[in-house]
Amino acid sequence: MTAQHAHLPPGVEVITTLPEAANRIPAGAEARTIRVTLAPGDPGAPPHRHPGPLFGYVTQGEILFELEGQPPRILKAGDALFEPGGDVIHYQGANNLPDAQSQLVVTMFAPPGAPVLTVVGPEELAERQHLRVARSR
């Protein structure tokens, strides 16, 4: 625990901090808290993008998580995540467990009325393939 957080009561823990987060939130945005529950082996939503940034936390299981420009990675219960939203494609948010449910909770900042996600079509995926990063082994 850092000195900055020493004043927190027992049981309260800062998981992650994103400096300059306010600069990433669109003017006039609303905050939405969203729970995503994935059945065993669920591949999640197809490639998509979000209208604004989101911050989240895996509450259960394991998520195979892939954003454009980053290699795929496994997020386990207790891990935090960030997506910048906007033009960045969210390729994967799959349940990495074949025999157990996985879940995450995110808070998204988006213009009022904007959809939670917009699916990206095959033509755009092909055009942006060069921005996808292979998983390191």
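The rules we used
Residues numbered from 1 in each chain as written. Predicted model: local features only at pLDDT ≥ 70, side-chain atom pairs only at ≥ 80, totals over all residues. Heavy atoms only, no water. Helix = DSSP H or I, 4+ residues; strand = E, 2+ residues; numbered from the N terminus. Core = buried A, V, L, I, M, F, W, Y, C linked by side-chain atoms within 4.5 Å. Buried < 20%, exposed > 50% of the residue type's maximum accessible area, 1.4 Å probe, protein only. Contact = heavy atoms within 4.5 Å. Salt bridge = Lys/Arg side-chain N within 4 Å of Asp/Glu carboxyl O. Pairing = 2+ DSSP bridges. Axes fitted to C-alpha atoms, helices over the stretch in contact; angles between N-to-C directions.

## Some points on the environment of leucine 75
Link 1 in the chain: Mapped onto the elements of the fold, leucine 75 is located in strand β5 (residues 73–76).
Link 2 in the chain: When the C-alpha positions of leucine 75 and valine 58 are compared, they lie 7.0 Å apart, and in sequence the two are 17 residues distant.

## Thoughts on the nonpolar core
Link 1 in the chain: Judged by nonpolar contacts, the single largest core of 13 residues is most densely connected at Val58, Ile63, Phe65, Leu75, Leu81, Leu104 and Val106.
Link 2 in the chain: Every element with two or more residues in this core is listed here: β1 (30–38), β3 (54–60), β4 (62–67) and β8 (102–110).
Link 3 in the chain: If we skip the residues at most four places from it in the chain, valine 106 touches Arg32, Thr33, Ile34, Leu54, Phe55, Gly56 and Leu81.

## Observations regarding the pattern of salt bridges
Link 1 in the chain: The final tally for this structure, using the stated rule, is 8 salt bridges.
Link 2 in the chain: Across the salt bridge formed by arginine 128 and aspartate 87, the nearest N and O atoms sit 3.0 Å from each other. On the criterion of sequence distance, the pair formed by arginine 128 in the segment after α1 (122–127) and aspartate 87 in the loop between β6 (80–83) and β7 (90–95) is long-range, its members being 41 residues apart.
Link 3 in the chain: Residue arginine 128 is classed as buried on the basis of its relative accessible area of 14%.
Link 4 in the chain: According to the relative accessible area criterion, aspartate 87 is partly exposed, its value standing at 45%.

## Things to note about the sheet that holds β1
Neighbouring strands of a sheet are bound in pairs by backbone hydrogen bonds; such pairs are parallel or else antiparallel.
Link 1 in the chain: Strand order across the open sheet formed by 4 strands is β1-β8-β3-β6, with antiparallel pairing between neighbours. Edge positions in the sheet fall to β1 and β6, since each has one partner strand and no second. Sheet twist, expressed as the average angle between the axes of neighbouring strands with direction ignored, equals 20 degrees.
Link 2 in the chain: Where β3 lies against β8, 6 bridges are found, and the strand directions are antiparallel. If you follow glutamine 60 over to β8, its bridge partner there is glutamine 103.

## Considerations on the pairing of β8
Link 1 in the chain: When you tally the buried positions in β8, you get 7 out of 9 residues, the bulk of the element.
Link 2 in the chain: Sheet topology places β1 next to β8; 9 bridges connect them, and they run antiparallel. Counterpart to alanine 31 in the pairing with β8 is phenylalanine 109.

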